[in-house]
Amino acid sequence: GQNIDQPTEMTATEGAIVQINCTYQTSGFNGLFWYQQHAGEAPTFLSYNVLDGLEEKGRFSSFLSRSKGYSYLLLKELQMKDSASYLCAGDYSSASKIIFGSGTRLSIRP
Amino acid sequence: ETGVTQTPRHLVMGMTNKKSLKCEQHLGHNAMYWYKQSAKKPLELMFVYSLEERVENNSVPSRFSPECPNSSHLFLHLHTLQPEDSALYLCASSQDRVGTSVRYEQYFGPGTRLTVT
C-alpha cells in the first residue's frame, strides 16, 4: 500500500513556527503534495516536492527526504488565518494514484 | 475564485433517487478528477479523466457513474445510493494528468455536500 501518515491535530501560537510531519511508503513514489484546506472550503495547493531538500515559498516551506519516506511542512510567523487542515498527498505516478493522508488540523491560538 | 465550479453545492436525496453532480473548469486544463471526502477520512480519488478519456477508476461502486463530454465539463451520475455515500464530493482539474508532466497541480472546486437519506 501507500500509507500516508500525519498527525491528526496540532496547536501553535500566533507568531511562532510549526512543523507538520508526513511519512509515506517509498515504493512507486514520485513526489509529494501539500494542500491547505480551511473548514468548509476546497483544498488549495501549497507545494510539490520531487527532489530531496527544502523548498521555500514565503512563510511556508516544504521538505522531502526520499530515502526516509519523510516530508514536513514548515509554517513560520503563524497567523490566525493559518488555522486549517493541512493535507499531505503522495504521488504514485506508476499507479496513476494520488494518495491523501487524513490531514492535520492546525489550530492557532493568540 | 479557483476557476472550478460545482453544482449543486448541497444535495439531499433518497436512496431511490437519481441525481447528477456537475463540475466545470474554466482553466483550459486537460485532466479532471472526482474525489470523495468523508468526515475524518482521507480524500479518496474516485475517477480521473484525461483529454475526456477515463484513465482511472479506483474500484468505485457502479452506483456512481462519471461522464466527461468535453475537457471543461465533468459529471457524476448518482443512483440508488446508500447512506454511507453521504460525503463532500470534490471535483478538481490540472493542466496535465498525474504522471505525465510536472504540470499537475490540482485546482479544486468548492464541492457538493451530499446527504443520502
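Structure first, text after, so check above.
Computed from a predicted model, the values in this text were never measured in an experiment. (Residues numbered from 1 in each chain as written. Chains lettered and ligands numbered in written order. Predicted model: local features only at pLDDT ≥ 70, side-chain atom pairs only at ≥ 80, totals over all residues. Heavy atoms only, no water.)

**Student:** Sorry, what's going on with the sheet that holds strand E6 (residues 53–57) of chain A here?
**Tutor:** Strands sit in the order E1-E3-E8-E7-E6 (chain A) across an open sheet of five strands; the sheet is antiparallel. A strand with exactly one partner marks an edge of an open sheet, and here the two such strands are strand E1 (4–5) and E6 of chain A. (Pairing = 2+ DSSP bridges. Helix = DSSP H or I, 4+ residues; strand = E, 2+ residues; numbered from the N terminus.)

**Student:** Would you mind going over the packing of aromatic side chains with me for this structure?
**Tutor:** Working definition: an aromatic ring pair is given by the centre-to-centre distance plus the angle between the planes. Within this structure, the stated rule accounts for 16 aromatic pairs over all chains. Between Phe 29 of chain A and Tyr 92 of chain A, the aromatic rings sit 5.9 Å apart at their centres with planes inclined by 75 degrees, giving edge-to-face as the arrangement. Here Tyr 92 of chain A lies in strand E9 (residues 84–92) and Phe 29 of chain A lies in the loop between strand E3 (18–24) and strand E4 (31–37), a separation of 63 residues in the sequence. The exposure class assigned to Tyr 92 of chain A is buried, which follows from its relative accessible area of 1%. Ring plane angle 55 degrees and centroid distance 6.0 Å describe the contact between Tyr 70 of chain A and Tyr 72 of chain A, whose orientation is recorded as tilted. The partly exposed category is assigned to Tyr 70 of chain A, whose relative accessible area is 22%. With relative accessibility at 15%, the residue Tyr 72 of chain A sits in the buried group. Taken together through their ring pairs, the aromatic side chains of Phe 33, Tyr 35, Phe 45, Tyr 48 and Phe 100 of chain A together with Tyr 33, Tyr 35 and Phe 108 of chain B make up a single cluster. (Phe/Tyr/Trp six-rings, centres within 6.5 Å; stacked < 30°, edge-to-face > 60°. Buried < 20%, exposed > 50% of the residue type's maximum accessible area, 1.4 Å probe, protein only.)

**Student:** Help me understand the environment of Thr 11 of chain A, please; the structure alone is not making it clear to me.
**Tutor:** All names here are of chain A. Residue position: Thr 11 is located in strand E2 (residues 9–13). Judged by its relative accessible area of 49%, Thr 11 is partly exposed. Through-space distance from the C-alpha of Thr 11 to that of Ser 83 is 9.0 Å; in sequence the pair is 72 residues apart. Ignoring anything within four residues of it in the chain, the contact list for Thr 11 reads Leu 106, Ser 107 and Arg 109. (Contact = heavy atoms within 4.5 Å.)

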